[in-house]
Amino acid sequence: MPEAHTLPNPLTLADIDALDFTKGDGLIPAIVQDADTLQVLMLGYMDRAALSETLTDRQVTFFSRSKNGRWRKGETSGDFLNLVNVTTDCDEDALLVLARPVGPTCHTKTTSCFGHETAPGIGFMGHLAAVVKDRAKAPPADSYTARLMQKGVAKIAQKVGEEGLETALAGRCGDLDELHNETADLLYHLSVLLMARETTLEAVLDILRERHAGR
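Presented here is an overview of the structure given in this document. Here the structure is a predicted model, which is why all the values come from computation and not from measurement.

Let us look at helix α1 (residues 48–57). For α1, every residue scored as buried is listed here: Ala 50, Leu 51, Glu 53, Thr 54 and Leu 55. Where the residues of α1 are buried, they touch β2 (40–46), β3 (61–64), β4 (69–72), β5 (81–88) and β6 (95–101). One or two steps after α1, the chain reaches Arg 58, where phi turns positive at roughly 65 degrees.

The structure is reproduced here in structure tokens:
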């Protein structure tokens, strides 16, 4: 499983009393993001009990204003949100919840309540990693990814080298359409190589963050 894009100082049960529930008459808004793609999935509300249950059971639970009571996401549909962590904003009156969804988050059976079927922008790389992992489990006859995995790390690394050269040549001599397509092939094969080596793009991004912070 890919590592999450974790934020500093995740909330614990001991921190609940420091939150400001008064502005929302006992409720606090909770924005839910996919932990691997950072796609915004939904907005819900939590009271103290729902937040405590979320932190204890590690499945995201809300206070439903329409039902006027507790609501664990997925308890009827099976589309749970498995908690990674919770952080609070600077005023301690809103929550950011990182979770890994099991199935679609929206009641309309879409990935997000905000209209995106897959993560927008660079977040799609997290989605791609999940797709690559899933396709690697398919029968080799049905999946190029599975056939590539079957050939081993050396062959996958060779493909990355080939795609890197083709991307460089497209950048030097090709048009933008060729460059975009070759770059897409390179990113896909890099995703396969990282999975084959049992690591993630997040580990690479951590190094880039450290380098940036050191400037």
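Still more ground to cover, so stick around.
Pairing in this open sheet of four strands is mixed, and the strands run β2-β1-β6-β5 from one edge to the other. The open sheet has two edge strands with one neighbour each: β2 and β5. On average, each strand axis in the sheet is tilted by 25 degrees relative to the strand beside it, whichever way the strands run. Both strand β1 (residues 28–34) and β6 contribute to a ladder of five bridges, which runs parallel. Note on β6: the bridge partner recorded for Gln 33 is Leu 98.

Glancing now at the side chain of Asp 34. Structurally, Asp 34 is set in strand β1. Reaching out from Asp 34, the side chain makes a polar contact with the backbone nitrogen of Thr 37 at a distance of 3.2 Å. Setting aside residues up to four positions removed in sequence, Asp 34 forms contacts with Gln 39, Leu 41, Ala 99 and Pro 101.

Here His 189 lies in helix α5 (residues 176–196). Residue His 189 is classed as buried on the basis of its relative accessible area, which comes to 4%. Put simply, His 189 and Val 60 are 129 residues apart on the chain and 34 Å apart in space, counted from C-alpha to C-alpha. The residues contacting His 189, other than those within four sequence positions of it, are Tyr 144, Leu 148, Ile 156, Lys 159, Val 160 and Glu 163.

For the rest of this paragraph, the subject is unusual backbone geometry. Notably, Arg 58 is not glycine yet its phi reads approximately 65 degrees, a positive angle. On the secondary structure map, Arg 58 appears in the loop between α1 and β3. For Arg 58, a relative accessible area of 37% puts it in the partly exposed group. The phi torsion at Glu 92 lies on the positive side, around 55 degrees, for a residue other than glycine.

At a minimum axis distance of 10 Å, the contact between helix α2 (residues 124–135) and α5 shows a crossing angle of 60 degrees. Classified by the angle between their axes, α2 and α5 sit oblique to one another. For the crossing formed where α2 meets α5, the hand is right-handed. Residues Met 125, Leu 128, Val 132 and Lys 133 of α2 form the contact with α5, whose own contacting residues are Leu 187, Tyr 188, Ser 191, Val 192 and Met 195. When grouped by side-chain class, the residues that make up the contact of α2 with α5 number seven nonpolar, one polar and one charged.

For the rest of this paragraph, the subject is the packing of aromatic side chains. Counted according to the given criterion, the structure contains two aromatic pairs. Measuring from centroid to centroid gives 6.1 Å for Tyr 144 and Tyr 188, while their planes differ by 35 degrees, and the two rings are tilted. Remark: Tyr 188 occurs in helix α5 and Tyr 144 occurs in helix α3 (residues 144–151); sequence separation between them is 44 residues.

A word on the packing of helix α4 (residues 153–173) against α5. Packing of α4 against α5 brings their axes to within 8 Å, and their N-to-C directions diverge by 160 degrees. Compared by their axis directions, α4 and α5 come out roughly antiparallel. Crossing geometry of α4 relative to α5 is assigned as left-handed. Contact residues: Val 153, Ile 156, Ala 157, Lys 159, Val 160, Glu 163, Gly 164, Glu 166, Thr 167, Ala 170 and Gly 171 in α4; Glu 178, Leu 179, Glu 182, Thr 183, Asp 185, Leu 186, His 189, Leu 190, Val 192, Leu 193 and Ala 196 in α5. Within the contact of α4 with α5, the residues separate by chemical class into eleven nonpolar, five polar and six charged.

Turning to the pairing of β3, a few remarks are in order. Of the two faces of β3, the one holding Thr 61 and Phe 63 and the one holding Phe 62 and Ser 64 are both buried throughout. Two elements, β3 and β4, share four bridges in a ladder whose sense is antiparallel. Of the residues in β4, the one forming a bridge with Ser 64 is Gly 69. The hairpin turn running from β3 into β4, its antiparallel successor, is four residues long, and Asn 68 in that turn takes a positive phi close to 55 degrees.

Rules used in this analysis
- Residues numbered from 1 in each chain as written.
- Predicted model: local features only at pLDDT ≥ 70, side-chain atom pairs only at ≥ 80, totals over all residues.
- Heavy atoms only, no water.
- Buried < 20%, exposed > 50% of the residue type's maximum accessible area, 1.4 Å probe, protein only.
- Helix = DSSP H or I, 4+ residues; strand = E, 2+ residues; numbered from the N terminus.
- Contact = heavy atoms within 4.5 Å.
- Pairing = 2+ DSSP bridges.
- Axes fitted to C-alpha atoms, helices over the stretch in contact; angles between N-to-C directions.
- Polar contact = N/O pair within 3.5 Å; in protein donor to acceptor, adjacent residues only side chain to side chain.
- Parallel < 35°, antiparallel > 145°, perpendicular 65-115°, else oblique.
- Left-handed = near helix turned anticlockwise from the far one by under 90°.
- Nonpolar A, V, L, I, M, F, W, Y, C, P; charged D, E, K, R; others polar.
- Phe/Tyr/Trp six-rings, centres within 6.5 Å; stacked < 30°, edge-to-face > 60°.

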